[in-house]
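Spelled out from the first residue to the last, the chains are:
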Amino acid sequence: MEHELKIYNSLSRQKEPFEPLHEGYVGLYVCGPTVYSDVHLGNCRTFVSFDVIYRYLTYLGYKVRYVRNITDVGHLEGDTDSDAEDKISKKARLEQLEPMELVQRHTRSFHHILGMLNTLSPSIEPTATGHIVEQIQMVQEILDNGYAYVKNGSVYFNTPKFIKDHGVYGKLSGKRVDDLLSETRDDLKNQDEKNDPSDFAIWIKADERHLMRWPSPWSVGFPGWHLECSAMSTKYLGKQFDIHGGGMDLQFPHHENEIAQNYGACGCMPVRYWMHGNMLLLNGKKMSKTPDPETGKSNSITPVELFSGENEIFSKPYSPMVVRFFMLQSHYRSTLDLTDDALLAAEKGFRRLMEANKALQGMASAGKGQEGPLGKEIQKLIGQIHEEMNDDFNTPRALAVLFDLVTKINSLKDGHLPMDQISEETFNRLKHTFRNFIYDIFGLKDELEAGAEGNGLAEGLMQLIIDIRQQARASKDWATSDKIRDALKELDIVLKDSKEGTSWVKGQ
Ligand code: AMP
Ligand code: ZN
């Protein structure tokens, strides 16, 4: 495939040319949400980042199988909890709900919010509870290969043995082996059962107080959190696949343990490119649902609070597309600080981009225009947008080049730049580039227009109709040209002809 995409691999800590394991196909796995509560905007940032990555890989022509899981069992409460309990089980017990009731409530709301942010659905969205059999199988394989042991019905991964046999533990997170060995893990309850503090549970025995548990060869219990991603990525993408993503906070212990488990079961590194999105901050501090031990308050805001304006942090509501645009304005590996000023600026930028696109799509090329310096400059800028995206999906720099083109479009519209210096081919390429990047790759849509869902399609179809009418007029086929105008009028769409070309408006 012809492209020069480079991806920053967290494992090698450098940008590497992207070469998929199977020509033309990409396997992409992203760690999804733990559905014990609604997602916050930080979670959304990670999913928006990978949505753009998925969209761009598809744009390059790859057939992408995108797997993003739902964690509905196994994610244990934090280090301070001396009585290890699965987050879902605990919340369900406290709220007197069936775990499945809680899980479905938050899964629905997760889908709804990601829909508002216009993210595409993954190809497969497997749940941990739907893959207990596969997880039990993997525990058995790890045991058979000698990388785990059973204690009182729970199964623990033997971290020191793994470190001794394979030099990869700690490589992803950059942690030193000595630190890893002395570090204790989140399943503190059974600390004294472990042979070593760095060992971690892959199967946890649970008593009847625990709402979610399954029979296994070792005990009635539930799988450890890290195991689901190892088992489900292997099932749907194979023992080795192309890209594994998630937020940076998952590098350790989650992804480090995933690698250990996959090695333990299959004897190989599961992933070619590890990609990690950086954190969303709220007024300078990491967004998180966990309450601050000093203030007792959590530093987070839900998407709905931000979209509706019902919060005490921001001066006004911000629409989902403004928030999405705001996220694209920073590189996925940089932190991003959510502040009122930044959102106000994003709102202005977003409107400017959408207005310029609307004007551009309504403009006609000068027809016989020769390629002059302006046309050549536009060609160069179009190439540059692709180069920026090929440079580890650099959305802020690609957007900056798109804005250089916005300036040109506005000058063309006002007659300050000569249209006849741009060939028809370049002008059409400019229109396509705007449509492709705004709608298909960046996943933006104009919320001010009715039926914004089909925005890219509507723009494309309208352009086709305007072009056909233009051709009819050029060949003095007034009957066809009038028929198009009248039929559009019936649909409440008015065409406006001007020196710069034809534009359209709905509902006047
Ligand atoms: P969780 O529901 O906590 O398992 O997290 C779901 C995803 O959101 C994971 O990929 C996390 O790394 C990511 N995440 C959590 N907090 C943030 C944050 N403040 N900014 C960006 N991503 C986050
Ligand atoms: Zn995961």
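Visitor: Give a description of empty space enclosed by the protein that names residues and reports values.
Guide: To find leftover empty space, a probe the size of one water molecule is rolled over the atoms. Summed over the entire model, instances satisfying the criterion amount to 4 cavities of 30 Å³ or more. In this structure, the largest cavity occupies an estimated 110 Å³ of space. Sort the elements by how many residues they give to the lining of the largest cavity and helix H1 (residues 41-59) lands first, with 5 residues. Of the residues assigned to the lining of the largest cavity, the class counts are 7 nonpolar, 4 polar and 1 charged. Residue-level mapping places the lining of the largest cavity at the junction of two domains, with at least three residues from each of domain 1 (6-277) and domain 2 (306-445).

Visitor: Can you tell me about the domain arrangement of the chain, naming the residues and giving the values?
Guide: Structurally, the chain comprises domain 1 (6-277), domain 2 (306-445) and domain 3 (449-506). Taking only C-alpha atoms into account, the centre of domain 2 sits 23 Å from that of domain 3.

Visitor: Account for the site of ligand 1, naming residues and giving values.
Guide: The environment of ligand 1 is made up of 18 residues, and the closest members are Gly42, Thr46, Asp249, Leu280 and Met287. Contact between ligand 1 and Leu280: a nitrogen atom at 2.7 Å from a main-chain N or O atom of the residue. In this structure, Met287 approaches ligand 1 through a main-chain N or O atom, which is 2.9 Å from a nitrogen atom. Burial of ligand 1 by the protein chains amounts to 92% of its free accessible area of 490 Å². Within the residue set of the shell around ligand 1, elements represented by two or more residues are H1 and strand E10 (241-247). For the shell around ligand 1, the element with the most residues is H1, which contributes 4 residues. Residues that form the shell around ligand 1 fall into these classes: 7 nonpolar, 9 polar and 2 charged.

Visitor: Quick rundown of the coordination of the zinc ion (ligand 2)? Include the residues and the values.
Guide: Protein ligation of the zinc ion (ligand 2) involves Cys31 (SG), Cys229 (SG) and His254 (NE2), the donor distances falling in the range 2.0 to 2.2 Å. Of note, the zinc ion (ligand 2) draws all its donor residues from one chain, in the sequence arrangement C-x197-C-x24-H. Linking Cys229 in helix H7 (residues 225-237) with His254 in helix H8 (residues 251-266), this pair joins segments that are 25 residues apart in sequence. Each member of the pair Cys229 and His254 is classed as buried.

Calculation criteria
Positions within a chain are numbered from 1, following the residues in the order the chain's sequence is written. Just so you know, chain letters begin at A and ligand numbers begin at 1, following the order they were written in. Given that this is a predicted model, residues contribute local features only at a pLDDT of at least 70 and side-chain atom pairs are listed and counted only at 80 or more, while totals for whole chains, interfaces and linings are drawn from all residues. The side-chain quantities take in all heavy atoms of the structure and omit both hydrogens and water. Residues are said to line a cavity or pocket when one of their atoms sits within 4 Å of a point; the points come from a 1 Å grid over protein atoms alone, cavities being sets where a 1.4 Å probe fits but cannot get out and pockets being open sets with protein on both sides within 12 Å along at least five of seven lines. Grid points are joined across faces, edges and corners, and a volume is the space filled by probe spheres set on the points. Segments assigned H or I by DSSP are reported as helices when at least four residues long, segments assigned E as strands when at least two residues long, and all are numbered from the N terminus. Residues were grouped as follows: Ala, Val, Leu, Ile, Met, Phe, Trp, Tyr, Cys and Pro as nonpolar; Asp, Glu, Lys and Arg as charged; and all remaining residues, including Gly, as polar. These domain boundaries are the output of an automatic or database domain assignment. Definition of nearness: a residue and a molecule or strand are near each other if at least one heavy atom of the residue lies within 4 Å of the molecule or strand. Polar contact criterion, stated in full: a pair of N or O atoms within 3.5 Å, where within protein one must be able to donate a hydrogen and the other to accept it, and residues adjacent in sequence count only if both atoms are side-chain atoms. The Shrake-Rupley method, run with a 1.4 Å probe sphere, supplies the accessible areas, and residue values consider only the shown protein chains as cover. Water is not part of the atom set, so a site may look incomplete; the donors themselves are N, O and S atoms within 2.8 Å of the metal, or 3.2 Å for Na, K and Ca. Each residue's exposure class comes from its accessible area (1.4 Å probe, protein chains only) as a fraction of the maximum for that residue type: buried when under 20%, exposed when over 50%, partly exposed otherwise.

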